[in-house]
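# Report on the structure
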Amino acid sequence: MDNALANSVHDLVLESPMGAKGLAQAVGKPYSTLLREVNPYDAGAKLGAETLLSIMKVTGNIAPLKIMASEMGYSLSPSQESSGSN
């Protein structure tokens, strides 16, 4: 995982308002497994796309998605459906 992306996901989990333990429970992962998967210094652990999507949905934080879009030369904007719901 790209360093900026890995750090973004790690920070997102650790700084979640619900706490990392609450977030782990919300995405259906054991706490220790989630922390290992998002650890940017653990080259042996990998975070699945489905888990990342769940983390972003639960927290409402799309910072990792913005980093991925930027790396690919894209920018993000909310769809008309979601722009009126916040």
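Notes on the structure in this doc start here. The written sequence of each chain sets the order in which its residues are numbered from 1. It should be noted that, the model being predicted, local features are given only for residues of pLDDT at least 70 and side-chain atom pairs only at 80 or more, the latter also being counted only at that level, while totals for whole chains, interfaces and linings use all residues. Side-chain metrics in this entry use all non-hydrogen atoms of the structure; hydrogen atoms and water are not considered.

## A word on helix α3 (residues 31-38)
Quick reminder: α-helices carry 3.6 residues per turn. Residues three or four places apart thus point the same way. When a residue's accessible area, from a 1.4 Å probe over protein chains only, is under 20% of the maximum for its type it is buried; when over 50% it is exposed; and in between it is partly exposed. The helix count covers DSSP runs of H or I at least four residues long, the strand count covers runs of E at least two residues long, and both are numbered beginning at the N terminus. Burial in α3 covers these residues: Leu34, Glu37 and Val38. The buried residues of α3 occupy an angular sector of 90° when the element is viewed end-on, so they sit on one face. Of the surrounding secondary structure, the elements contacted by the buried residues of α3 are α1 (3-14), α2 (19-26) and α4 (49-59). Arc definition: directions from the helix axis to the C-beta atoms. Every residue pair with non-hydrogen atoms within 4.5 Å of one another is taken to be in contact.

## What to know about α4
Within α4, burial applies to Thr51, Leu52, Ile55 and Met56. Buried residues of α4, viewed axially, fall in a sector of 135°; they line one side. Opposite its buried face, α4 presents the exposed residues Ala49, Glu50 and Lys57, each directed more than 90 degrees away. Contact partners of the buried residues in α4: α1, α2, α3 and α5 (63-71). Immediately downstream of α4, the backbone of Gly60 shows phi near 75°, a positive value.

## Describing the packing of aromatic side chains
Geometry of aromatic contacts follows a simple scheme: Phe, Tyr and Trp rings, the Trp one being its six-membered ring, pair when their centres are within 6.5 Å, and the pair is stacked under 30 degrees between planes, edge-to-face over 60, tilted otherwise. Here the structure, examined in full by the defined rule, presents zero aromatic pairs. The cationic tip of Lys21 hangs over the ring face of Tyr31; the distance from NZ or CZ to the ring centre is 5.3 Å. Geometrically, a lysine NZ or arginine CZ counts as sitting over a ring once it is within 6 Å of the ring centre and also within 35 degrees of the ring normal.

## Structural notes on a nonpolar patch on the surface
Patch construction takes residues with relative accessible area above 30% that form no salt bridge. Like charges are linked within 9 Å, and nonpolar side chains (Val, Leu, Ile, Met, Phe, Trp, Tyr) are linked within 5 Å. Note on areas: Shrake-Rupley, 1.4 Å probe, and residue coverage restricted to the protein chains presented here. By definition, a salt bridge exists where a carboxyl oxygen of Asp or Glu is found within 4 Å of a side-chain nitrogen of Lys or Arg. A surface patch of nonpolar side chains, about 290 Å² in accessible area, is lined by Ile62, Leu65, Met68 and Leu76. Relative to the helices and strands, Leu65 is located in helix α5. Judged by its relative accessible area of 33%, Leu65 is partly exposed.

## Remarks on the side chain of Thr51
Along the chain, the position of Thr51 falls in helix α4. Ignoring any residue separated from it by four or fewer positions in sequence, one finds Thr51 in contact with Lys29, Leu34 and Glu37.

## Here's the deal with the environment of Val13
Position of Val13 among the secondary structure elements: in helix α1. Among all residues touching Val13, those that are not within four sequence positions of it are Ala20, Leu23, Leu34, Leu35, Val38 and Ile55.

## So, the packing of α1 against α4
Only the contacting stretch of a helix is used when fitting its axis, a line to C-alpha atoms as for every element, and angles between N-to-C directions run 0 to 180 degrees. It is at 11 Å that the axes of α1 and α4 come closest, and there the two elements cross at 45°. Between α1 and α4, the angle is such that the two are oblique. Viewed along their axes, α1 and α4 form a crossing whose handedness is left-handed. Note on element contacts: α4 touches α1 through Leu52, Ile55, Met56 and Thr59, opposite Val9, Leu12 and Val13. Tallied by class, residues from the contact of α1 with α4 come to six nonpolar, one polar and no charged. An angle counts as roughly parallel when it lies under 35 degrees, as roughly antiparallel when it exceeds 145, as roughly perpendicular when it falls between 65 and 115, and as oblique in every other case. By convention, the crossing between two helices is left-handed when the near helix turns anticlockwise from the far helix through less than a right angle, and right-handed when the turn is clockwise. Note on residue categories: nonpolar means Ala, Val, Leu, Ile, Met, Phe, Trp, Tyr, Cys or Pro, charged means Asp, Glu, Lys or Arg, and polar means any other residue, Gly included.

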